[in-house]
Amino acid sequence: MEQTLVLIKPDGIQQKVVGKIIGRFEDAGLKVVGMKMVWPDEGKAREHYPLDEEWAEAAFGKTKESAEKNNEKFDFKDSMEFGKFVQDGLVDFIQENPIVALVLEGTHAIEIVRKMVGSTEPRSATPGTIRADFASVESYPNANNQGRAVRNLIHASDSADNAKKEIKTWFDEGEVHDYKRPGDEKIFG
Ligand code: ADP
């Protein structure tokens, strides 16, 4: 059994799709075991989005590859400089208004949630994923030309270690619940 952290970012609240997004996770069989609305301050934002070298390299690589494929401008040369640009954008973005933090539970929850959320850039996310269905017009060039973070509705933990760390960032012990739904035993034993 796994738990994963999901944040519905400020654009999800602005677009009034919080209910629809939570509904998709419930429809998929995931159990909501933690849920709250939080207005992050800068400290919380930086705790959630630390400037990590490995992450900066991966984000730099994804964005560069997309720019090359689409013949678009990409001016950054250094992954850490790029990482700092994205991190600063994210820290501003996530403080725009309150967000919704969720802990979702289920077997393979991390993998399933990442699949339902879709790829980082909504423009290239597969139709049927949350980022494609509710934010398709958003793209790397839109964000980069305006000097801001990609507005893609959701954060979802990408590994078991990060899920543990991120759940701790947003939830105190006692705010994540242990309960059974009718029928759970048929699937989970
Ligand atoms: P994901 O959220 O899909 O796991 P990353 O961990 O690579 O993606 O990036 C974290 C967040 O940073 C993204 O969800 C997005 O909001 C923002 N982001 C990523 N790449 C860029 C970029 N090239 N320009 C602006 N913002 C970006």
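So, a few notes on the structure that sits alongside this text. Worth saying up front: this structure is predicted, and the values here are computed from it rather than measured. Throughout, residues of each chain are indexed from 1 in the direction in which the sequence is written. Totals for whole chains, interfaces and linings use all residues, but because this is a predicted model, local features are given only for residues with pLDDT of at least 70 and pairs of side-chain atoms are given and counted only at 80 or more. Note: side-chain values were computed over all heavy atoms of the structure, leaving out hydrogens and water.

This part covers the side chain of N97. Think of it this way: any DSSP run of H or I at least four residues long counts as a helix, any run of E at least two long counts as a strand, and we number them from the N terminus. Note on placement: N97 falls in the loop between α5 (79-93) and β3 (99-106). Polar contacts here mean pairs of N or O atoms no more than 3.5 Å apart (in protein, one a potential hydrogen donor and the other a potential acceptor; neighbouring residues in sequence count only if both atoms are side-chain atoms). Here the side chain of N97 touches Q14 through a polar contact of 2.6 Å, side chain to side chain. Throughout, a residue-residue contact means that at least one pair of heavy atoms, one from each residue, lies within 4.5 Å. Filtering out sequence-adjacent residues up to four positions away, N97 remains in contact with P10, I13, Q14, W39 and P40.

Here a residue is considered near a molecule or strand provided that any single heavy atom belonging to it is located within 4 Å of it. Taken together, 16 residues surround the ligand, and among them T63, T120, N144, V150 and N152 come closest. R114 is positioned such that a nitrogen or oxygen atom in its side chain is 2.9 Å from an oxygen atom of the ligand. Residue V150 places a main-chain N or O atom 2.8 Å away from an oxygen atom belonging to the ligand. Across the complex, the protein chains shield 95% of the 540 Å² of accessible surface that the ligand would expose by itself. Note on residue classes: Ala, Val, Leu, Ile, Met, Phe, Trp, Tyr, Cys and Pro are nonpolar, Asp, Glu, Lys and Arg are charged, and everything else, Gly too, is polar. A class-by-class count of the residues in the shell around the ligand yields seven nonpolar, four polar and five charged. For the accessible areas, the method is Shrake-Rupley and the probe is 1.4 Å, while residue cover comes only from the protein chains on display.

Next up on the list: the pairing of β3. With a 1.4 Å probe rolled over the protein chains alone, any residue whose accessible area is under 20% of its type maximum counts as buried; one over 50% counts as exposed, and the rest are partly exposed. With eight of eight residues buried, β3 is to be regarded as a mostly interior element. Side chains I99, A101, V103 and E105 of β3 all project onto a buried face; the interleaved residues V100, L102, L104 and G106 project onto the opposite face, where all are buried too. A strand pair is defined by DSSP finding two or more bridges across the two strands. Pairing of strand β1 (residues 2-8) with β3 involves seven bridges; the strand directions are antiparallel. Along β3, the bridge assignment pairs Q3 with E105. Here seven bridges tie strand β2 (residues 31-38) to β3, and the two strands are oriented antiparallel to one another. Residue pairing for β3: G34 is matched across the bridge by V103.

In spatial order, the strands read β2-β3-β1-β4; together these four strands make up an open sheet with antiparallel pairing. Either end of the sheet is taken by a strand with one partner, and the two such strands are β2 and β4 (154-156). Averaged over all adjacent pairs, the angle separating strand axes in this sheet is 20 degrees, with direction ignored. Against the sheet, helix α2 (residues 18-27) makes contact with β1, β2, β3 and β4, and its axis sits at roughly 165 degrees relative to β1, the strand it touches most. Helix axes are fitted to C-alpha atoms over the stretch in contact, other axes to C-alpha atoms as well, and angles between N-to-C directions run from 0 to 180 degrees. The sheet contacts of helix α6 (residues 109-117) involve β1, β3 and β4, and relative to β1 the element is tilted by about 30 degrees.

Okay, the nonpolar core next. Side chains of nonpolar character tend, in soluble globular proteins, to be buried together. Put simply, buried Ala, Val, Leu, Ile, Met, Phe, Trp, Tyr and Cys residues joined by side-chain atoms within 4.5 Å make one nonpolar core. With 25 residues, the main nonpolar core has L7, F82, W170 and F171 as its most contacted residues. Looking at this core, the elements with two or more residues in it are β1, β2, α4 (53-69), α5, β3 and α9 (160-170). If you tally residues by element for this core, the top one is α5, at six residues. Look past the residues within four positions of F82 in its chain and what remains in contact with it is A56, A59, F60, T63, F74, F76 and N144.

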